Amino acid sequence: MKVGVVGAGLVGATAAYALTLRGSCSELILTDLDAARARAEAQDIAHAAPVSHGVRVSSGPVTDLRGSAVVIVAAGANQKPGESRLDLLQKNAAIFRELIPQVVAAAPDATLLIATNPVDVLTDLTARLAPGASVMGSGTVLDSARFRHLIAEHAGVDGTHVHGYVLGEHGDSEVLAWSTASVAGLPVADFMAARGREWTPEIRAQIDADTRGAAAQIISGKHATYYGIGAALARITERVLGDRRGILTVSAPTPEFGVSLSLPRVVGRGGVVDTISPSLTGPERQELERSAGVLRAALAALD
């Protein structure tokens, strides 16, 4: 039940904090090129352990990842205002080429959970750098949560009763699969009608735009996003550690599309157990193909 977090910046530290508050693991190790930052974050998070779940939190070099069942990789440059996730590709790919072999050497049996953006392309790169390893990315787990949250707000219900998937790229070409969306088992339009809630194409379009634009809006106001993704990383990690067989839209190499992207996947011990191909409408399928094309072009730029 040991988890490693590589990269003690805002995303990595927040993921570690979420793991501690949720009692997701028994031991947690943070590592960062800036050892003082990792040490300070670990110490701060460790002070929350006695009033939460008693997780043993420490910091150390990459070699201290040994014995980890899951290693969350959150190292790399952050997305700046006005910068797309794909703009980060070359600088973070260079970091990964040096880092991933070190992580695999330290924790060869760990599931590698990639959080660094652009997450889909870096998930693919990691799979190349660590052949045979269990690799997946956080994908559109956060985007799907944003989608569900916005539907729930309009429906006036608890977001845990809303389901729906965002597929493809974690980025501008992502696909909001409205055909998969439901509230309490009803299609969204039917639920809104049952509750007497207004539901128009304009409202749907606004939810679509707000889901896609959530990261940019947050970054413009506070320069980074970390709470949502931190909780998402903790949830994914728990599914692996406990063999929970949760269905999450993580990113993983997908031969059908020739690239890593997000689809509903069964996540358990060892990472991705199975992939589900949802029944999409014709236009949704076309959007997914376009999203895969964007990612294939980005991946080709690394070759």
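The sections below set out a description of the structure shown in this document. Just so it is clear, the structure is predicted and the values come from calculations on it, not from any experiment.

Things to note about the packing of helix α5 (residues 141-155) against helix α7 (residues 201-212)
Piece 1. Relative to each other, α5 and α7 sit at 145°, their axes nearing to 9 Å. Where α5 crosses over α7, the handedness of that crossing is right-handed. In this structure, α5 contributes Asp143, Arg146, Phe147, Leu150, Ile151 and His154 to the contact, and α7 contributes Ile203, Ile207, Asp210 and Thr211.
Piece 2. Within the contact of α5 with α7, the residues separate by chemical class into five nonpolar, two polar and three charged.

Regarding helix α1 (residues 10-22)
Piece 1. Given a rise of 1.5 Å per residue, 13 residues ought to cover 18 Å, and the 18 Å separating the end C-alpha atoms of α1 matches this to within 8%.
Piece 2. Along α1, the residues classified as buried are Val11, Gly12, Ala13, Thr14, Ala15, Ala16, Ala18, Leu19 and Thr20.
Piece 3. Residues of α1 that are buried sit in contact with β1 (2-6), β2 (27-31), α2 (35-46), β3 (56-59), β4 (70-73) and α9 (227-241).
Piece 4. Following α1 by one or two positions, Gly23 has its phi on the positive side, about 65°.

Points about the pattern of salt bridges
Piece 1. Scanning all chains against the criterion turns up ten salt bridges.
Piece 2. Residue Arg66 is joined to Asp64 by a salt bridge in which the shortest nitrogen-to-oxygen separation is 3.3 Å.
Piece 3. Among the residues examined, Arg66 registers a relative accessible area of 52% and is labelled exposed.
Piece 4. Residue Asp64 is classed as partly exposed on the basis of its relative accessible area, which comes to 24%.
Piece 5. A salt bridge links Arg269 to Asp243, with the nearest nitrogen and oxygen atoms 3.5 Å apart. Residue Arg269 is located in the loop between β13 (265-268) and β14 (271-275), and its partner Asp243 is located in the loop between α9 and β10 (246-248); the two are separated by 26 residues in the primary sequence.
Piece 6. Take Arg269: its relative accessible area is 56%, and that puts it in the exposed class.
Piece 7. On the basis of relative accessible area, Asp243 is assigned to the partly exposed category, the value being 23%.
Piece 8. Each of Arg22, Glu238 and Arg239 takes part in salt bridges that share partners, so that together they form one network.

What about the side chain of Ser262?
Piece 1. Inspection of the secondary structure puts Ser262 in strand β12 (residues 259-262).
Piece 2. Assessed through its relative accessible area of 0%, Ser262 is described here as buried.
Piece 3. In this structure the side chain of Ser262 is engaged in a polar contact, spanning 3.0 Å, whose partner is the backbone nitrogen of Thr140.
Piece 4. Among the polar contacts listed, one links the side chain of Ser262 to the backbone oxygen of Thr249, at a separation of 3.2 Å.
Piece 5. Every residue in contact with Ser262, bar those within four places of it in the chain, is listed here: Asp120, Gly139, Thr140, Leu167, Gly168, Thr249, Val250 and Ser251.

Regarding the nonpolar core
Piece 1. Core analysis: the largest hydrophobic core is formed by 37 residues, its most contacted members being Leu65, Val71, Val103 and Ile114.
Piece 2. Those elements giving two or more residues to this core turn out to be β4, α3 (89-106), β5 (111-114), α4 (119-129), β8 (175-183), β12 and α10 (282-300).
Piece 3. Of the residues forming this core, the biggest block, seven residues, is contributed by α3.
Piece 4. Membership of the second largest hydrophobic core comes to 36 residues, among which are Ala18, Leu142, Ile229 and Val250.

Cut-offs and rules
- Residues numbered from 1 in each chain as written.
- Predicted model: local features only at pLDDT ≥ 70, side-chain atom pairs only at ≥ 80, totals over all residues.
- Heavy atoms only, no water.
- Axes fitted to C-alpha atoms, helices over the stretch in contact; angles between N-to-C directions.
- Helix = DSSP H or I, 4+ residues; strand = E, 2+ residues; numbered from the N terminus.
- Left-handed = near helix turned anticlockwise from the far one by under 90°.
- Contact = heavy atoms within 4.5 Å.
- Nonpolar A, V, L, I, M, F, W, Y, C, P; charged D, E, K, R; others polar.
- Expected span 1.5 Å × (residues − 1).
- Buried < 20%, exposed > 50% of the residue type's maximum accessible area, 1.4 Å probe, protein only.
- Salt bridge = Lys/Arg side-chain N within 4 Å of Asp/Glu carboxyl O.
- Polar contact = N/O pair within 3.5 Å; in protein donor to acceptor, adjacent residues only side chain to side chain.
- Core = buried A, V, L, I, M, F, W, Y, C linked by side-chain atoms within 4.5 Å.

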